[in-house]
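# A look at the structure
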Protein chains: 2
Amino acid sequence: MEIIIKPRREEYQVLLQRPHKGAADLNALVSSVLEDVKKRGDAAIREYELKFDHVQLHDLQVTDAEICQAASLLKDELKDAIHSAHENIARFHQAQRMKTIQVETAPGVFCSQKSVPIQKVGLYIPGGTAPLFSTVLMLATPARIAGCQEIILCSPPDSHGQLHPAILYAAKVAGVNRIYKCGGVQAIGAMAYGTESIPRVSKIFGPGNQFVTCAKQHVSLHDVAIDMPAGPSEVAIIADKSANPVFVAADMLSQAEHGRDSQAVLFTDSEILAHKVVSEAERQLAQLSRKELAEDSLSYSRIFVLKDINESFDICNEYAPEHLIIAMDDAINWADKVINAGSVFLGHYSCESAGDYASGTNHTLPTSGYAKAYSGVNLDSFCRKITFQNLTADGIRSIGRTVELMAEAEGLDAHRNAMTYRINKVTSKS
Amino acid sequence: MEIIIKPRREEYQVLLQRPHKGAADLNALVSSVLEDVKKRGDAAIREYELKFDHVQLHDLQVTDAEICQAASLLKDELKDAIHSAHENIARFHQAQRMKTIQVETAPGVFCSQKSVPIQKVGLYIPGGTAPLFSTVLMLATPARIAGCQEIILCSPPDSHGQLHPAILYAAKVAGVNRIYKCGGVQAIGAMAYGTESIPRVSKIFGPGNQFVTCAKQHVSLHDVAIDMPAGPSEVAIIADKSANPVFVAADMLSQAEHGRDSQAVLFTDSEILAHKVVSEAERQLAQLSRKELAEDSLSYSRIFVLKDINESFDICNEYAPEHLIIAMDDAINWADKVINAGSVFLGHYSCESAGDYASGTNHTLPTSGYAKAYSGVNLDSFCRKITFQNLTADGIRSIGRTVELMAEAEGLDAHRNAMTYRINKVTSKS
């Protein structure tokens, strides 16, 4: 972990550079798998599942029996934890419901904006050693609250053709309608184009490796919406001398264990804290099961010692972190200084893992500086805002002439005529 | 205009097909221009302006003097119209402001969601014969209300190096900070990467031809957010026997004049209305200045005569039109049947051109069926929702164990540790 003392503002951009992504061009491979799924449907899915997940599948859909059985395979305390997290996530996302907005913008011109759920959504949950059942809760819970009619989930099966019981259990708790054993690029293709077994959806959510990310971007160009561009996870911490170095080091490590390209960055005005965090991180690192991974990732981590806390916020807003922990006694008073971040953790007890699992906020967040333009997943991600307008005869009198003049100035006669016919009708009546 | 009587449900998909887009592969050309702008900045911009817009530019930025002069070049009644439209648009988008949401999701766990403006946004306004100053209002007005710090606008100059005065005037009224003479792919590149003159932005908005659209998609993969995928404009009309065929025909024509690939579709339960609309459209067409264009586009238009109005809504939701006019006496009572549409026009006096210019709703809307997953531009398009969480010692007691259990089950030790250290601290205190 490199400590950088009082960098100049011109250096920010270079110093804030994120670990380089593998520049491998996956486009050709990804396109060919997607095309194949589009053309051959389930047959292609089964072939790729054999090839990539080493499993011969007959039915792609998880049966009710399998879902029931999942419950019996999990310890009660984990099931309770899943329910408890689900409740908090539901509570926070329920509060995000938007009321219909109605405004009479001019006499007789009534405009409204209404939130309507996306009808069909697809959730992708990666496989691998760690079953990301928390992400199931984070995606399916708001989808269900939004009122999406069809919520499907795709996840790669293990070599026995099974999904992890915690994924199945979380999916049932959060209200997923149908679950499919299907992973990688082929799963994204299935949800984008539809196959005999797997229905086409209008929007795809969820994390994945670089192949899945590339596939999501590919299908997003013409076929389906996606949640957001994905990149390696990251945390920034702004801390002053009130911070607890044990907590700060633990938070940096909990980011580092995600993967080699994860990044943890500390901005502080206290050089003493900086050194304490470095030695504490070394101590904690030694005890981790994912030690090597975290060690590697920690080499990308940086500690910036800055003139003051204000400057810490400036540089942090430039970085636009996915997660931002403000480890200060008066963190709440500084919250308004946050301009670019995905999710913010205020105060010494608010660790990132609280939000990763159970505080209620969503953990699907913009990485790679995308927080400058994107929100994390929230209730709105599963809805569209449709506008309505209703003009009375008075409304025609209010804005009719304005519309005629503007349409004319834009050279659009038929646009003007559509209004002129109405003006004539209203005038002939009055 | 083809009339289709009582199609079977299985035929919907084929019958609802939109006019084919030019399948030309623009990727190679677009990438090379973007790369060049990235590398050479202003010098590249000037070269492409000479090549594509046939103009030798020195300064790219429009001067204050030019903006002032624009006002003197426009008729007062058009300026009044621009102000009036701006007021209505402002009124409707102001009402869309989101209040910060705060919830105690569990004892001692305080979560909030706050809307924060995107700091830097770029608006693209196409050139051509018709100056789209209405689109300037539609994009800049909500950007200003949202509180974006930097709102820049790029638009291609004419062969004298000038932008249309109505574009400059609308930009000033709506609060654009800086305006640049720059169009096409090079403008998208400039806003995505930044040049010496033109600042880099975080999100690009606005319509454009297929080159601009391709460039926006290209930069959206890695560099910047965009408003939405773009396609040819379209309108669907649901009408019963109460509809006025003069109005319906005028509305279809006002769509048709947009371009050869625009589409107007009518869904009705009245065969009599269908025939009246066809003959009325022919009559009105003869009088249009853009007659040939509209005639061409009208050949893509279809009239569906359906069993009843319910079926009209079913097929229309399948089509997911950008604009939907409900031309019925009791249109308001049917509004809740709309599931997929960009913007909806209720009743006989609510023509699309009212919303295109001055009702207050936004006219930048999802086309090509994207209304199934995307909203039109609205205040939110210029904001991000940032979440905050603050845990007290009680909060740790509420959810600490849940977090530990879930992190452990996902195999993430360091995530668990970050919570365990805090639990220990809280326990040792109490």
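Scanning chain A from N- to C-terminus turns up 17 helices and 14 strands. Across its three principal axes, chain A shows a C-alpha extent of roughly 85 × 60 × 45 Å. Buried positions account for 64% of the 430 residues belonging to chain A. In chain A, of all internal contacts separated by at least 6 residues, the share reaching a separation of at least 24 is 75%. Per element, the accessible surface of chain A, about 16200 Å² overall, is 49% carbon and sulfur.

Residues and elements named next belong to chain A. Among the 5 residues that make up strand S12 (residues 323–327), 5 are buried, leaving the element largely enclosed by the rest of the structure. Burial along S12 is two-sided: His323, Ile325 and Ala327 and Leu324 and Ile326, pointing in opposite directions, are all buried. Taken together, the 5 bridges between strand S9 (residues 234–239) and S12 define a ladder with parallel strand orientation. Looking at S12, one finds that Ile238 is bridged to Ile326. Pairing between S12 and strand S13 (residues 343–346): 4 bridges, direction parallel. Bridging across to S13, Ile325 finds its partner in Phe345.

Turning to the sheet that holds strand S14 (residues 383–391) of chain B, a few remarks are in order. In space, the 9 strands of this open sheet follow the order S1(A)-S11(A)-S10(A)-S9(A)-S12(A)-S13(A)-S14(B)-S3(B)-S2(B), with mixed pairing throughout. This sheet does not close on itself; its edge strands, each paired only once, are strand S1 (2–5) of chain A together with strand S2 (101–106) of chain B. Neighbour-to-neighbour, the strand axes of this sheet turn through a mean angle of 20°, independent of strand direction. Here 5 bridges tie S2(B) to strand S3 (residues 109–117) of chain B, and the two strands are oriented antiparallel to one another. Bridged to Ala106(B) within S3(B) is Val109(B). With respect to the sheet, helix H5 (residues 76–94) of chain A is in contact with S2, S3 and S14 of chain B, its orientation differing from that of S2(B) by roughly 165°. Contacts from helix H11 (residues 271–285) of chain A reach S1, S9, strand S10 (263–268) and strand S11 (302–305) of chain A within the one sheet, and its direction differs from that of S11(A) by about 165°.

Under the domain assignment used here, chain A contains domain 1 (26–226), domain 2 (232–346) and domain 3 (392–429). Distance from the C-alpha centre of domain 2 of chain A to the C-alpha centre of domain 3 of chain A: 59 Å.

Moving on: the interface of chain A and chain B. On the chain B side, the residues contacting the 120 residues of chain A number 121 residues. Of the roughly 10300 Å² buried between chain A and chain B on both sides combined, carbon and sulfur atoms contribute 58%. Area buried by chain A at its contact with chain B is led by Tyr349(A), Glu410(A) and Arg422(A), which between them contribute 8% of it. One can count 8 salt bridges joining chain A with chain B.

We now examine unusual backbone geometry. Although it is not a glycine, Lys6(A) sits at a positive phi angle of roughly 40°. Locating Lys6(A) in the fold gives a position in the loop between S1 and helix H1 (12–15). Since its relative accessible area comes to 55%, Lys6(A) is described here as exposed. Positive phi, close to 55°, is recorded for Ser368(B), a residue that is not glycine. Along the polypeptide, Ser368(B) turns up in the loop between helix H15 (352–357) and S14.

Definitions and limits used
- Residues numbered from 1 in each chain as written.
- Chains lettered and ligands numbered in written order.
- Predicted model: local features only at pLDDT ≥ 70, side-chain atom pairs only at ≥ 80, totals over all residues.
- Heavy atoms only, no water.
- Helix = DSSP H or I, 4+ residues; strand = E, 2+ residues; numbered from the N terminus.
- Buried < 20%, exposed > 50% of the residue type's maximum accessible area, 1.4 Å probe, protein only.
- Contact = heavy atoms within 4.5 Å.
- Areas by Shrake-Rupley, 256 points an atom, 1.4 Å probe, with all protein chains shown as cover.
- Pairing = 2+ DSSP bridges.
- Axes fitted to C-alpha atoms, helices over the stretch in contact; angles between N-to-C directions.
- Domains from an automatic or database assignment.
- Buried area = accessible area lost by both parts, 1.4 Å probe.
- Salt bridge = Lys/Arg side-chain N within 4 Å of Asp/Glu carboxyl O.

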